[in-house]
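Residue-level listing of the chains:
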Amino acid sequence: MEPSDQKDKPVLDSVVELEEDALKEYLDDQTAVVLDTREKTVFEKGFIVGSVFLAFPSPNFDKFGVQILKNFKSIIIVDDKTKFPAITEDLIKKELGSKIKGYFHYDSERLAGLKLPVKAVGSTDVKELAEILKKDKDSVVLDVRNPNELETEGRVKDVLNIPLGELVERVSEVPKEKNVFMHCARGVRVITAHSILTRAKYDNISSLICTFQQIKDSGVEIIKN
């Protein structure tokens, strides 16, 4: 470790394993983020309401981690405790290590016994999207891809585009009173978007866990720039 990195290196002995009551305090703190780094398929089946998903290791953790986590003063890591040192080391390299305040060991057995609210990621079958949008004219389609992806691949008509890395800062642009159907390019970023909106207490949200090609094939109106 270079001397310049020492200021950002947490003392691992002081980064404690949290119990459920302490985790709840961080979930209630809007300046803190409970970061769930488990695998996507595991997170989808059940996650602590208020936590934010970024699987580790993954390309999305590298691409969007700093953009998302810079918005918070404190980070609590949720995963198997054996992964904590590697996640910590990675966050130190990203100059985020000093924000780590603790970790919460989390597996399917512990999930079943939690008192904190836990839910699965709500999803909509992409084959039903076109019909839903015809019937619900006020619903919103949230696209969390980057603008250049929309220019290249096209976009759903009247879509609301907020790139994933900007969603924490711009979440208020998503209307709470409407049904929101969100998607990305391959059904991965959308899970993180779902967790961010859930953290912001959005209820009427559903994820399209599919590719954008499947969305185009579903019959919805696509606009090409």
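For the structure itself, look to the data block above.
Residues numbered from 1 in each chain as written. Predicted model: local features only at pLDDT ≥ 70, side-chain atom pairs only at ≥ 80, totals over all residues. Heavy atoms only, no water.

Peer 1: Any chance you could explain the nonpolar core here in plain terms?
Peer 2: Inside soluble globular proteins, nonpolar side chains tend to come together where they are buried. Grouped together as the largest cluster of nonpolar side chains are 43 residues, with contacts concentrated most on Ile68, Ile77, Leu91, Leu142, Leu167, Val174 and Leu197. At five residues, the largest contribution of residues to this core is made by helix 10 (residues 189–199). Counting 13 residues, the second largest nonpolar core, distinct from the first, contains Ala130, Val141, Val156 and Ile215. (Core = buried A, V, L, I, M, F, W, Y, C linked by side-chain atoms within 4.5 Å. Buried < 20%, exposed > 50% of the residue type's maximum accessible area, 1.4 Å probe, protein only. Helix = DSSP H or I, 4+ residues; strand = E, 2+ residues; numbered from the N terminus.)

Peer 1: How should I be thinking about the sheet that holds strand 10 (residues 160–161) in this particular structure?
Peer 2: The strands making up a sheet associate through backbone hydrogen bonding, with each pair oriented either parallel or antiparallel. Pairing in this open sheet of four strands is parallel, and the strands run 10-8-11-12 from one edge to the other. Strands with a single pairing partner mark the edges of an open sheet, and in this sheet they are strand 10 and strand 12 (205–207). Relative to strand 10, strand 8 (residues 140–143) runs parallel, the two being bridged by two bridges. In the sheet register, Asp143 faces strand 10, and the bridge partner there is Asn161. (Pairing = 2+ DSSP bridges.)

Peer 1: I keep staring at the layout of surface pockets and nothing clicks. Help me out?
Peer 2: Rolling a probe over the atoms, with the probe sized like a water molecule, indicates the empty space that remains. When its volume is computed, the largest pocket comes out at roughly 350 Å³. Taken together, 15 residues make up the lining of the largest pocket; nearest its centre are Leu133, Val156, Lys157, Asp158 and Glu221. The set of elements that each furnish at least two residues to the lining of the largest pocket consists of helix 7 (129–135) and strand 8. Broken down by element, the residue count for the lining of the largest pocket peaks at three residues, all from helix 7. Residue classes in the lining of the largest pocket are distributed as seven nonpolar, two polar and six charged. (1 Å grid on protein atoms, 1.4 Å probe; cavity = no way out; pocket = protein on both sides within 12 Å on 5 of 7 lines; lining within 4 Å. Points joined across faces, edges and corners; volume = space filled by probe spheres on them. Nonpolar A, V, L, I, M, F, W, Y, C, P; charged D, E, K, R; others polar.)

Peer 1: Is there a simple way to explain the sheet that holds strand 5 (residues 74–79) in this structure?
Peer 2: An order of 1-6-5-2-4 is seen for the five strands of this open sheet, with the pairing classed as parallel. Edge positions in the sheet fall to strand 1 (16–17) and strand 4 (52–53), since each of these pairs with one other strand and no more. Sheet topology places strand 2 (residues 32–36) next to strand 5; five bridges connect them, and they run parallel. Within the sheet, the bridge partner assigned to Asp36 lies in strand 5 and is Val78.

Peer 1: Just checking my understanding: could you explain unusual backbone geometry for this structure?
Peer 2: Working note: non-glycine residues mostly have negative phi, and peptide bonds are mostly trans. Looking along the chain, the bond that leaves Phe56 and enters Pro57 is cis, with omega of -5°. You can see Pro57 is positioned in the loop between strand 4 and helix 4 (59–69). Its identity as a non-glycine residue notwithstanding, Glu95 has a phi of 60°, on the positive side. For Glu95, the location among the structural elements is in the loop between helix 5 (84–93) and strand 6 (100–105). Judged by its relative accessible area of 60%, Glu95 falls in the exposed class. We note that Lys201 has phi near 70°; this positive angle belongs to a residue other than glycine.

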